[in-house]
Amino acid sequence: MLDAASAAARRTRRAGRADPRLVLVIKPGGDGGLLPAILDAYQAEPGALPVELVCSFGEREILLREGRADAALLHRPPTTTSPAWTPRTS
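Per chain, residues are indexed from 1 in the order of the written sequence. Reporting of local features is limited, given that this is a predicted model, to residues whose pLDDT is at least 70; pairs of side-chain atoms are given and counted only at 80 or more, and all residues count toward the totals for whole chains, interfaces and linings. Values shown for side chains rest on all heavy atoms present in the structure; no hydrogens or waters enter the calculation.

## Points about the overall build of the protein chain
- A count of helical and extended segments in the protein chain gives three helices and three strands.
- For the protein chain, the N- to C-terminal ordering of α and β elements is α-β-α-β-α-β.
- For each residue, the accessible area found with a 1.4 Å probe, counting protein chains only, is set against the maximum for its type, and the residue is called buried under 20%, exposed over 50%, and partly exposed in between. Buried positions account for 18% of the 90 residues belonging to the protein chain.
- Of the roughly 6,400 Å² of accessible surface on the protein chain, a fraction of 59% belongs to carbon and sulfur atoms. For helices the rule is a DSSP run of H or I covering at least 4 residues; for strands it is a run of E covering at least 2, with both sets numbered from the N terminus onward. For the accessible areas, the method is Shrake-Rupley and the probe is 1.4 Å, while residue cover comes only from the protein chains on display.

## Brief notes about the nonpolar core
- Joining through side-chain atoms within 4.5 Å is the link that ties buried Ala, Val, Leu, Ile, Met, Phe, Trp, Tyr and Cys residues into a set, and such a set is a nonpolar core. Residues V23, V25, L63, L64 and A69 constitute the largest nonpolar core, which totals five residues.
- Taken together, the elements giving at least two residues each to this core come down to β1 (22-26) and α3 (60-65).

## As for the pairing of strand β2 (residues 51-55)
- Bridge count between β1 and β2: five bridges; the pairing is parallel. Residue pairing in the sheet places L24 in a bridge with L53 of β2.
- Crossover handedness is defined by viewing with both strands directed away from the observer: a clockwise path from the first strand over the helix to the second marks the crossover as right-handed. One crossover worth recording links β1 to the parallel β2 by way of helix α2 (residues 35-43), and it is right-handed. Strands were regarded as paired on the criterion that DSSP finds at least two bridges between them.

## Considerations on the sheet that holds β2
- The sheet built from three strands is open, its strands ordered β2-β1-β3 with parallel pairing. The outermost strands of the open sheet, each flanked by one partner alone, are β2 and β3 (71-72).

## Details of the pattern of salt bridges
- Any Lys or Arg side-chain nitrogen found within 4 Å of a carboxyl oxygen on Asp or Glu counts as a salt bridge. The final tally for this structure, using the stated rule, is three salt bridges.
- In this structure, R21 engages D19 in a salt bridge whose closest nitrogen and oxygen atoms are separated by 3.2 Å.

## What to know about the pairing of β1
- Across the five residues that make up β1, a large majority, four, are buried.
- Bridge count for β1 against β3 is two bridges, and the pairing is parallel. Considered in β3, the bridge of V25 is made with A72.

## Topic: the confidence of the model for the protein chain
- Per-residue pLDDT for the protein chain averages 81, and the proportion of residues at 70 or more is 81%.
- What pLDDT reports is the predictor's confidence in each residue, on a scale of 0 through 100. When pLDDT is averaged over each element of the protein chain, α2 comes out on top at 94 and helix α1 (residues 2-15) at the bottom at 74.

## Observations regarding the environment of S56
- With respect to the helices and strands, the residue S56 is situated in the loop between β2 and α3.
- Judged by relative accessible area, which is 8%, S56 ranks as buried.
- Through-space distance from the C-alpha of S56 to that of G30 is 10.0 Å; in sequence the pair is 26 residues apart.
- What makes two residues a contact is simply this: any of their non-hydrogen atoms within 4.5 Å. Residues in contact with S56, not counting those within four places in the same chain, are V25, I26, K27, P28 and L63.
- Two N or O atoms form a polar contact when they lie within 3.5 Å of each other; inside protein one atom must be a possible hydrogen donor and the other a possible acceptor, and for residues adjacent in sequence the pair counts only when both atoms belong to side chains. Only 3.1 Å separates the side chain of S56 from the backbone nitrogen of E59, close enough to count as a polar contact.

So, in C-alpha cells, the structure goes:
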C-alpha cells in the first residue's frame, strides 16, 4: 500500500512539472519496429505531451509500478493484478 502511495506521489509531482511529459519505457530494440508509428499516432491526439523515452532491459514493470514511468511496451502481461495495470488495446 505504501509503495502505491509513493508511486502516486511521483506521478503527481511529474504531472505538475512546468514541462509535463509522458515517460515511456522500452526495451532497446524491443518495439518490433512499431515505435515510430506508435509515437506518431500518439502525437496526433489532442493534448498529447512530449514523450521521454527511457530504455531498460529488465525493469520496465518496476519503473511503471514505482511511478517512474507512465507507460511501457511490454512483451507479456505484467505480473500484478493491480487495477492500475490496465492493458490498452486502442
